[in-house]
Amino acid sequence: QLQLVESGGRLVRAGGSLRLSCAASGRAFSTYSLGWFRQTPGKERDFVAAISWGGGTTYYADSVKGRFTISRDNAENTASLQMNSLKPGDTAVYYCAATVRVLPGRTKNEYNYWGQGTQVTVSS
């Protein structure tokens, strides 16, 4: 069992930066691949970024590539999403998720554990 708690979301102006954190508790954090997803009201939860258990493989949605960076620290049981050059379209609730898959997927159905989410609002 793995528990995930996101933090770091807040109101920020367009062009600004935010760093989201995901703190994990439970067993064997380093054996899970991790992902970040985001969701706005009335829409599907969309893939943002993912990282393999060892950190050697990362994936990004085209919409955030070059602006967002996913990372993890297995010694601290944490993951982060550094978000730069934020746009109003990045406004959403951001969720951290974990999967037992060796390589992380891009669809929410591939993930086994989810946090409660953190709100990011980007003003124009």
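Residues numbered from 1 in each chain as written. Predicted model: local features only at pLDDT ≥ 70, side-chain atom pairs only at ≥ 80, totals over all residues. Heavy atoms only, no water.

Quick look at the nonpolar core now. If you look at the biggest cluster of nonpolar residues, it comprises 35 residues, and the most contacted ones within it are Leu4, Trp36, Val48, Phe68, Leu81, Met83 and Tyr94. Residue assignment for this core shows that the elements contributing at least two residues are strand E1 (2-7), strand E3 (18-26), strand E4 (33-39), strand E5 (46-51), strand E7 (68-73), strand E8 (78-83), strand E9 (92-99) and strand E11 (118-123). Those residues in contact with Tyr94 that lie beyond four places of it in its chain are Glu6, Leu20, Trp36, Phe37, Arg38, Val48, Phe68, Leu81, Met83, Gly117, Thr118 and Val120. (Core = buried A, V, L, I, M, F, W, Y, C linked by side-chain atoms within 4.5 Å. Buried < 20%, exposed > 50% of the residue type's maximum accessible area, 1.4 Å probe, protein only. Helix = DSSP H or I, 4+ residues; strand = E, 2+ residues; numbered from the N terminus. Contact = heavy atoms within 4.5 Å.)

This paragraph deals with unusual backbone geometry. You will see that Asn77, though not glycine, has its phi angle at about 55°, which is positive. Judged by relative accessible area, Asn77 falls into the partly exposed class, the value being 22%. Even without a glycine there, the phi angle at Ser85 is positive, about 50°. Along the chain, Ser85 turns up in the loop between E8 and E9. Take Ser85: its relative accessible area is 41%, and that puts it in the partly exposed class.

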